[in-house]
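Residue-level listing of the chains:
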Amino acid sequence: MYLCLCKGITDSDIREAGQAGIVMPCQLKAKFGLKDPGCCGRCSKNIDEFAQIAMSVHQTPSSNGVRS
Ligand code: FES
């Protein structure tokens, strides 16, 4: 499902970012260029939803018993 039409960002893209540890709204905005010229900014209103999706797949080091 597309979450950002300007950049073609899907929920899968957000999950991949979450798995890579990119879970904060500001990190997601920077990674996907949501502040770039030419973006409408509409999806920025939903950035908290993006962050929730990313966080849902983000694994903390202790969740799988491995410490870094
Ligand atoms: S829909 Fe995401 S910047 Fe326009």
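Right above here is the structure, for reference.
Residues numbered from 1 in each chain as written. Predicted model: local features only at pLDDT ≥ 70, side-chain atom pairs only at ≥ 80, totals over all residues. Heavy atoms only, no water.

1. Some remarks on the overall build of the protein
- If you tally the helices and strands in the protein, you get three helices and two strands.
- Taken over 68 residues, the protein has a buried fraction of 28%.
- Counting contacts in the protein only where the partners sit at least 6 residues apart, residues at least 24 apart contribute 47% of the total.
- Carbon and sulfur atoms make up 50% of the accessible area of the protein, which amounts to about 4600 Å² in all. (Helix = DSSP H or I, 4+ residues; strand = E, 2+ residues; numbered from the N terminus. Buried < 20%, exposed > 50% of the residue type's maximum accessible area, 1.4 Å probe, protein only. Contact = heavy atoms within 4.5 Å. Areas by Shrake-Rupley, 256 points an atom, 1.4 Å probe, with all protein chains shown as cover.)

2. Brief notes about the pattern of salt bridges
- Evaluated as defined, the whole model comprises two salt bridges.
- The partner of Asp11 in a salt bridge is Arg15, and the shortest N-O contact between them spans 3.1 Å. Within this pair, Asp11 and its partner Arg15 are both found in helix 1 (residues 11-19), separated by four residues, close to a single helical turn. (Salt bridge = Lys/Arg side-chain N within 4 Å of Asp/Glu carboxyl O.)

3. Some remarks on helix 1
- Along helix 1, the positions that sit buried rather than exposed are Asp11, Ile14, Ala17 and Gly18. All buried residues of helix 1 lie within an arc of 115 degrees about the axis, which places them on one face of the element. Every exposed residue of helix 1 that faces more than 90 degrees away from the buried side is listed here: Glu16 and Gln19.
- Buried residues belonging to helix 1 abut strand 1 (2-4), strand 2 (9-10), helix 2 (25-32) and helix 3 (47-57). (Arc of directions from axis to C-beta.)

4. Brief notes about the nonpolar core
- Ile9, Ile14, Leu28, Phe32, Leu34 and Phe50 are the most contacted members of the largest nonpolar core, which totals 15 residues.
- Counting residues per element, the ones that place at least two in this core are strand 1, helix 1, helix 2 and helix 3.
- No other element matches the five residues that helix 3 contributes to this core.
- In this structure, Phe50 is in contact with Leu3, Ile14, Leu28, Leu34 and Cys43, ignoring residues within four places of it in sequence. (Core = buried A, V, L, I, M, F, W, Y, C linked by side-chain atoms within 4.5 Å.)

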